[in-house]
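Breakdown of the fold
Next come the chains, spelled out residue by residue.
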Amino acid sequence: MPGLSISLLGALLGLGLVTAAVGQSDAKAPLTRSERCANLSHQFDEALETHATATQVTAAKALQRKGNRYCAAKKQAQGIRMLANALKLLGVTPNDPVQ
């Protein structure tokens, strides 16, 4: 009888570990810097349509161009900062998920 209890306990523990592993695999993978660049650039384009009358539009567009150049030159960290600052000039909070 004790052998059956140990086997049952082992099976339940194994099932619990499998369930925990499946739960962890459903988590979203963090975005790459390239994806973050693309998301921020897209957000800027959308924000430009609704905030076209902002006082800093020209400066914001210049920052967007710089940010896109940095992202294309594999300097995504600088590009992300530029794009985030461009959005802030339009009065928009960057939608940049934390990793």
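What you see is a predicted model, and the numbers here were worked out from it, not measured in a lab.

Here we take up the overall build of the chain. Per the secondary structure count, the chain includes 4 helices and 0 strands. For the chain, the α and β elements follow one another from N to C terminus as α-α-α-α. Every one of the 99 residues in the chain was classed for burial, and the buried ones make up 24%. Within the chain, residue pairs in contact and separated by at least 24 positions form 61% of the contacts whose partners lie at least 6 positions apart.

A separate point is the state of the cysteines. One pass over the full model with this rule turns up 1 disulfide. Covalently, Cys 37 is tied to Cys 71 through a disulfide, its sulfur atoms 2.0 Å apart. Taking the sign of the S-S torsion, -80° for the link of Cys 37 and Cys 71, the bridge is left-handed. Of the two residues, Cys 37 sits in helix H2 (residues 33-50) while Cys 71 sits in helix H3 (residues 57-72), which places them 34 residues apart along the sequence. In this structure Cys 71 comes out as buried when scored by relative accessible area, which is 14%.

Bringing the nonpolar core into the picture now. Formed by 15 residues in total, the largest nonpolar core has its most connected members in Leu 40, Phe 44, Ala 47, Leu 87, Leu 90 and Val 92. Mapped onto this core, the elements with two or more residues apiece are H2, H3 and helix H4 (76-89). A per-element tally of this core places H4 first, with 5 residues. Apart from residues no more than four positions distant in its own chain, Phe 44 is found in contact with Ala 60, Lys 61, Gln 64, Ala 86, Leu 87 and Leu 90.

Bringing unusual backbone geometry into the picture now. Phi is positive for Lys 74, which is not a glycine, with a value near 65°. Residue placement: Lys 74 occurs in the loop between H3 and H4.

An ideal rise of 1.5 Å per residue puts 20 Å on 14 residues; H4 measures up with 20 Å between its terminal C-alpha atoms. Those residues of H4 that fall on the buried side of the exposure criterion are Gln 76, Gly 79, Ile 80, Met 82, Leu 83, Ala 84, Ala 86 and Leu 87. The inward-facing, buried residues of H4 abut H2 and H3. Looking one or two residues past H4, Gly 91 carries a phi angle of roughly 85°, positive in sign.

Among the structural elements, Arg 36 can be located in helix H2. Counting along the chain gives 40 residues from Arg 36 to Gln 76, while the straight-line C-alpha distance between them is 8.4 Å.

This part covers the environment of Thr 50. Along the chain, Thr 50 falls in helix H2. You can call Thr 50 exposed: its relative accessible area is 61%. It is 9.5 Å that separates the C-alpha atoms of Thr 50 and Leu 90, two residues lying 40 residues apart in sequence.

So, how was this worked out
Residues numbered from 1 in each chain as written. Predicted model: local features only at pLDDT ≥ 70, side-chain atom pairs only at ≥ 80, totals over all residues. Heavy atoms only, no water. Helix = DSSP H or I, 4+ residues; strand = E, 2+ residues; numbered from the N terminus. Buried < 20%, exposed > 50% of the residue type's maximum accessible area, 1.4 Å probe, protein only. Contact = heavy atoms within 4.5 Å. Disulfide = S-S within 2.5 Å. Core = buried A, V, L, I, M, F, W, Y, C linked by side-chain atoms within 4.5 Å. Expected span 1.5 Å × (residues − 1).

In short, the description is geometric, and any link to function would need to be established separately.
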